[in-house]
Amino acid sequence: MSLYIWRHPKPIKVQGICLGRTDAPVDARKLRRLANQIQGFARCHRLPKVIHTSPLQRSAEVGRLLAKRGWQWRVVAELQEMDFGHWDGRPWASIDREEMDAWCADFTGYAPGGGESLQAFFARINRWLNALPEEPVLAVGHAGWINAARLLASGRGMPTQAEDWPPAVRYRQRVVISAAPAEPAPRRI
């Protein structure tokens, strides 16, 4: 399995915001740049003209642009970013300190804002990755999703502490995941 996944372009006005499933817009020029980047990569490497995207507009709009150019576009719910429940779309500074402490105390099992726990997030990603075909897959997704998929594919599992979460990949960065993931067991550091 080879998954070529690009992080979506930088959304507009999201600095300091808890951004999971909040549907933030992106400048149209940045969307076109990423679509061009993906199209050029696929052409250069003779990859299928099929793009998988999250349904969130910061990813989906790239798929829409490629579909207008003759690509097959598949919207995949499993590619969505982590669900932060009622935290989503709020400034991080406005989230109750006790709730943040509760998440840090049970980093893998706590569902921030009543949304999705890290365990559930990893399990969702793992199911989708394990269902991918042998041929290459092109996708547009989100930083948290990409980090989780990389941890799974490397066999490192879920970090048990917030400070062990890897830094986000850059906007429009391509990441290659080329190994079937293992079960999403928490790791002890």
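Structure first, text after, so check above.
Residues numbered from 1 in each chain as written. Predicted model: local features only at pLDDT ≥ 70, side-chain atom pairs only at ≥ 80, totals over all residues. Heavy atoms only, no water.

Caption draft 1: Structural view of the pairing of strand 1 (residues 3–7). Burial within strand 1 is extensive, with 5 of its 5 residues counted as buried. Alternating residues of strand 1 divide into L3, I5 and R7 and Y4 and W6, and every residue in both groups is buried. Sheet analysis places strand 1 next to strand 4 (residues 137–141), joined by 5 bridges and oriented parallel. Bridging across to strand 4, L3 finds its partner in V137. (Buried < 20%, exposed > 50% of the residue type's maximum accessible area, 1.4 Å probe, protein only. Helix = DSSP H or I, 4+ residues; strand = E, 2+ residues; numbered from the N terminus. Pairing = 2+ DSSP bridges.)

Caption draft 2: Spatial organisation of the pattern of salt bridges. Per the stated rule, a full pass over the model turns up 5 salt bridges. Its salt-bridge partner being E116, residue R21 comes within 3.7 Å of it at the nearest N-O pair. Of this pair, R21 sits in the loop between strand 1 and helix 1 (28–45) while E116 sits in the loop between helix 3 (97–105) and helix 4 (118–130); the two residues are 95 residues apart in sequence, bridging distant segments of the chain. On the basis of relative accessible area, E116 is assigned to the buried category, the value being 11%. Measuring nitrogen to oxygen at the nearest pair gives 3.4 Å for the salt bridge that ties R97 to D101. You can see R97 and its partner D101 sitting in helix 3, 4 residues apart, about one turn around the helix. What makes D101 partly exposed here is its relative accessible area of 39%. Through salt bridges with shared partners, one network takes in R21, E116 and R124. (Salt bridge = Lys/Arg side-chain N within 4 Å of Asp/Glu carboxyl O.)

Caption draft 3: Examining the sheet that holds strand 4 more closely. Read from one edge of the open sheet, 5 strands run 3-2-4-1-5, paired in mixed fashion. Every other strand in the sheet has two partners, leaving strand 3 (72–75) and strand 5 (174–177) as the edge strands with one partner each. Taken pair by pair, the neighbouring strands of this sheet meet at an average axis angle of 25°, ignoring direction. Where strand 2 (residues 50–53) and strand 4 come together, 3 bridges link them in parallel fashion. Looking at strand 4, one finds that I51 is bridged to L138. Here helix 5 (residues 143–154) sits on the sheet in contact with strand 1, strand 4 and strand 5, set at roughly 150° to strand 1. (Axes fitted to C-alpha atoms, helices over the stretch in contact; angles between N-to-C directions. Contact = heavy atoms within 4.5 Å.)

Keep in mind that these numbers describe shape and distance, not what the molecule does.
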